[in-house]
Amino acid sequence: MTNVTCTAEYCTHWAEGNLCSADKIVVKNIEGGREASSIDETKCETFILRQDDNAPTDKASSPHETTPQVAVGCTVDSCEYWGQGDRCIASHIDISGLDVKHEEGTACETFDS
């Protein structure tokens, strides 16, 4: 399990404090391959646009219960933190996505090749 912070406030899993409330997230290469050479080539495939299409204006909590530890799957095997079984072995990851409304605008800021 991994600590996940996330700035994608338009995602249904985003919660107050830039936390992720998903039970599991999956980080992938933005083009669908297994390798990436930079952060910009990664994405959080678990991003789901909020139904109201609006970021919370008062930074209120997500309707989901926030779990500080999230299972993180990762198919970017060129990352230093990729582990057997397509899982992330980092103790903490940061997902960026401020003001984005689709998964391609997100990125795993912890990616390191």
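Provided above is the structure to which this section pertains.
Everything numeric here is computed off the predicted structure, so don't read it as measured data.

Conventions used here
- Residues numbered from 1 in each chain as written.
- Predicted model: local features only at pLDDT ≥ 70, side-chain atom pairs only at ≥ 80, totals over all residues.
- Heavy atoms only, no water.
- Helix = DSSP H or I, 4+ residues; strand = E, 2+ residues; numbered from the N terminus.
- Buried < 20%, exposed > 50% of the residue type's maximum accessible area, 1.4 Å probe, protein only.
- Core = buried A, V, L, I, M, F, W, Y, C linked by side-chain atoms within 4.5 Å.
- Contact = heavy atoms within 4.5 Å.
- Pairing = 2+ DSSP bridges.
- Salt bridge = Lys/Arg side-chain N within 4 Å of Asp/Glu carboxyl O.

(A) Layout of unusual backbone geometry. Here Asn18, not a glycine, exhibits a phi torsion of approximately 55°, which is positive. Of note, Asn18 is situated in the loop between β2 (14-15) and β3 (19-20). Residue Asn18 is classed as partly exposed on the basis of its relative accessible area, which comes to 30%.

(B) The arrangement of the nonpolar core in detail. In terms of nonpolar packing, the biggest core is built from 24 residues, with Val4, Ile25, Val27, Val72, Val76, Ile93 and Ile95 touching the most fellow members. Of the residues forming this core, the biggest block, three residues, is contributed by strand β6 (residues 69-74). Once residues within four sequence positions are removed from consideration, Ile25 is found in contact with Val4, Cys20, Cys44, Thr46, Val70, Ala71, Val72, Gly73, Ile93 and Ile95.

(C) Quick peek at the pairing of β6. With two bridges joining them, strand β1 (residues 2-6) and β6 adopt antiparallel strand pairing. Residue pairing for β6: Thr2 is matched across the bridge by Val70.

(D) View of the pattern of salt bridges. One pass over the full model with this rule turns up five salt bridges. Two residues, Lys43 and Glu103, come together in a salt bridge whose shortest N-O distance is 2.6 Å. You can see Lys43 sitting in strand β5 (residues 42-44) and its partner Glu103 sitting in the loop between β9 (92-96) and β10 (107-108), a full 60 residues away along the chain. Glu103 carries the same exposure label as Lys43, and that label is buried. Each of Arg34, Asp77 and Asp86 takes part in one network of salt bridges that share partners.

(E) Just the environment of Val4, in detail. Structurally, Val4 is set in strand β1. Sequence separation of Val4 and Asn18 is 14 residues, and the distance between their C-alpha atoms is 8.7 Å.

Structural measurements only, silent on function.
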